[in-house]
Amino acid sequence: MEEVRISSAWVASHSNHVKVDSSELERVVDNIQGSIPKVEWNFEGIHYFDNGPLTVQYLFVLDALNFCFWPDKDLDYNHLASELKAALLNDKSALDADRLQSYTGPQLRQLLKWPRVLPLEEERVRLLHEVGQELERSFGGEAANLVKACGKSAVSLVTLVARHFPGFRDHSLYKGRQVFLYKRAQIFAADLWGAFKGQGYGYFYDISSVTIFADYIVPAVLRQLGVLRYSLELSSSIDAKDEISPGSEQEVEIRACSIVAVEKMRELLERKFGKQVLSVEIDLWLWAMGVQNPSLKHHRTLSIYY
Ligand SMILES: Nc1nc2c(c(CN[C@H]3C=C[C@H](O)[C@@H]3O)cn2[C@@H]2O[C@H](COP(=O)(O)O)[C@@H](O)[C@H]2O)c(=O)[nH]1
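Per chain, the residues get numbers from 1 upward, laid out in the order the sequence is written. Residue-level local features of this predicted model are given only where pLDDT is at least 70; pairs of side-chain atoms are given and counted only at 80 or more, and the full residue set underlies all totals for whole chains, interfaces and linings. Side-chain calculation: all heavy atoms of the structure are included, whereas hydrogens and water are not.

Undergrad: Before we go on, may I ask you to explain the site of the ligand in this structure?
TA: Put simply, a residue is near a molecule or strand once any heavy atom of it comes within 4 Å of that molecule or strand. Around the ligand lies a shell of 22 residues, among which N42, E44, N66, K183 and D283 are the nearest. Interatomic distance of 2.8 Å between a backbone N/O atom of Y77 and an oxygen atom of the ligand. Any pair of nitrogen or oxygen atoms within 3.5 Å is treated as a polar contact; in protein, a donor-acceptor pairing is required on top of that, and neighbouring residues in sequence qualify only through side-chain atoms on both sides. A distance of 2.7 Å separates a nitrogen atom of the ligand from a polar side-chain atom of D283. Here the accessible surface of atoms and residues is derived via Shrake-Rupley with a 1.4 Å probe, and residues count as covered only by protein chains that are part of the display. The fraction of the free accessible surface of the ligand (670 Å²) that becomes covered by protein chains is 94%. Secondary-structure elements contributing two or more residues to the shell around the ligand are α10 (183-195) and α14 (279-291). Of all the elements, α14 adds the most residues to the shell around the ligand, at four residues. Partitioning the shell around the ligand into residue classes produces 13 nonpolar, three polar and six charged. Strands are runs of DSSP state E lasting at least 2 residues, helices are runs of H or I lasting at least 4, and numbering of each runs from the N terminus. Residue type decides the class: Asp, Glu, Lys and Arg count as charged, Ala, Val, Leu, Ile, Met, Phe, Trp, Tyr, Cys and Pro as nonpolar, and the leftover types, Gly among them, as polar.

Undergrad: I'm lost on the nonpolar core in this one. Help?
TA: In globular proteins that are soluble, nonpolar side chains generally tend to be buried together. To form a nonpolar core, buried Ala, Val, Leu, Ile, Met, Phe, Trp, Tyr and Cys residues must be joined to one another through side-chain atoms within 4.5 Å. Type-normalised accessible area, obtained with a 1.4 Å probe on protein chains alone, sets the label of each residue: buried when under 20%, exposed when over 50%, and partly exposed for intermediate values. If you look at the biggest cluster of nonpolar residues, it comprises 119 residues, and the most contacted ones within it are F60, L157 and F188. It is helix α13 (residues 249-273) that provides the largest number of residues to this core, a total of eleven residues. The criterion used for residue contact is that any of the two residues' heavy atoms lie within 4.5 Å. Ignoring sequence-local partners within four residues, the contact set of L157 consists of L146, V147, C150, F188, A189, L192 and F204.

Undergrad: What should I look at first to understand helix α2 (residues 22-31) in this one?
TA: In an α-helix, one turn spans 3.6 residues, which is why side chains three or four residues apart end up on the same side. Among the residues of α2, E24, L25, V28 and V29 are the ones counted as buried. One face of α2 carries all of its buried residues, which in axial projection span an arc of 140°. Relative to its buried face, α2 has exposed residues pointing more than 90 degrees away, namely S23 and N31. Against β4 (228-230), α13 and α14 lie the buried residues of α2. Note: the arc covers the axis-to-C-beta directions of the helix.

Undergrad: Sorry if this is basic, but what is going on with unusual backbone geometry here?
TA: Glycine aside, residues mostly have negative phi, and peptide bonds are mostly found in the trans state. Backbone geometry places C68, a non-glycine residue, at a positive phi of 45°. Of note, C68 is situated in the loop between α3 (53-64) and α4 (77-90). Notably, K241 is not glycine yet its phi reads approximately 60°, a positive angle. In this fold, K241 is placed in the loop between α12 (232-239) and α13.

Undergrad: I'm lost on the side chain of S279 in this one. Help?
TA: Positionally, S279 belongs in helix α14. On the basis of relative accessible area, S279 is assigned to the buried category, the value being 1%. Among the polar contacts made by the side chain of S279, one reaches the side chain of E263 at a distance of 2.8 Å. What S279 contacts, discounting residues up to four positions off in sequence, is R5, V210, T211, I212, V262, E263 and R266.

Undergrad: Can you help me understand the pattern of salt bridges in this one?
TA: Pairs can form between side chains of opposite charge once their charged atoms are near each other. The term salt bridge refers to a side-chain nitrogen of Lys or Arg lying within 4 Å of a carboxyl oxygen of Asp or Glu. Counting across every chain of the model gives 18 salt bridges. We note a salt bridge from R5 to E263, for which the minimum N-O separation is 3.0 Å. Of the two residues, R5 sits in helix α1 (residues 2-13) while E263 sits in helix α13, which places them 258 residues apart along the sequence. Both residues of the pair, R5 and E263, count as buried. Two residues, R229 and D21, come together in a salt bridge whose shortest N-O distance is 2.7 Å. With R229 in strand β4 and D21 in the loop between β1 (18-20) and α2, this residue pair connects regions lying 208 residues apart in the sequence. Overall, R229 belongs to the partly exposed group, its relative accessible area being 44%. Its relative accessible area of 14% is what places D21 among the buried residues. Residues joined by salt bridges that share partners form a network here, namely D72, K73, D74 and R116.

Undergrad: What is the right way to read the packing of aromatic side chains from this model?
TA: In this description, a pair of aromatic rings is defined by centroid distance and the angle of the planes. Between 30 and 60 degrees the pair is tilted, below 30 it is stacked and above 60 it is edge-to-face, where a pair is any two Phe, Tyr or Trp rings, Trp via its six-membered ring, whose centres lie within 6.5 Å. In the structure shown here, the tally under the stated rule is 14 aromatic pairs. When the ring of F139 is compared with that of F165, the centres are 6.4 Å apart and the planes differ by 20°; the resulting orientation is stacked. In this pair, F139 sits in helix α7 (residues 121-139) while F165 sits in the loop between α9 (154-164) and β2 (171-174), placing the two residues 26 residues apart along the sequence. Both rings, one in Y216 and one in Y306, keep their centres 6.5 Å apart while their planes meet at 50°; by these two values the pair is tilted. Of this pair, Y216 sits in the loop between α10 and α11 (218-224) while Y306 sits in the segment after α14, and the two are 90 residues apart along the sequence. This pair shows no difference in class: Y216 is buried, exactly as Y306 is. Definition used: whenever NZ (Lys) or CZ (Arg) falls within 6 Å of the ring centre and also within 35 degrees of the ring normal, the charge is taken to sit over that ring. Here R124 stacks its cationic end above the ring of F69, 5.4 Å away from the centre of that ring.

That is the geometry; function is a separate question.
Here is the structure:
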């Protein structure tokens, strides 16, 4: 994901509101003595898994909807993952390409056993339709064929997903430059890798190319660790739970600097401790830390990308 790394680094070097604090980064790495605590993928035990193509379909649909839970204080990722799993256990065809194209808002709510309108519900329905239509048109209806088409390369998978499914094209304009963050496309590759334990549909020879997934949890954890420093203005608006506009300089800086901070952490782990660690592993450690902290203050942006 060279374009993610390069464009994020450019943002970090022009950033006004967010800074990566290298000495705090070093302190964090020293504190864990250079060893990233291992967190099991699916540590929550909430995901569907049958070791076959239906798992791939499940993960693709899950990641098509894997964004913006915070506007409803009772909704979270766990709910989405476990209700999609329950839906599949109840009806193996619930996520077939033709079914995906026909869900309405109320039907999606019913599928997810959610009693009220979902955050960005119209967008969620639109994205489900897009996934169903394009899977049918180009991949025989199966996300497994999409994965087979990537030649065991995570980079190719992300490129293919972004090419075929516009809803996954997570990018912004920042000071006249295009910035690519590809959170949901990259997490799809990482979820396959995690679920299939790096085998079969989860084998990618270039999994080390994947960056972290710039969401709203990991930046908040990095801020809490002192690795990300925010301007006074940005700190106060996050603490006051103000909304931050999608595509604003502040939002792009938060997300891009998080990617850069973790890439620096990787370099430091290698240089100082001789450890080769994947960004995906650091991401899962930080994310798990964040979701287990109920007082975590995260930025609030209405976005379909994360
Ligand atoms: N960076 C990063 N962001 C992640 C995930 C995951 C889940 N990954 C699964 C894969 C293996 C594990 O076992 C996890 O279950 C969700 N998110 C993001 O978090 C936010 C939701 O937060 P809350 O509202 O509190 O549920 C939202 O932006 C969502 O897109 C991750 O891994 N990394």
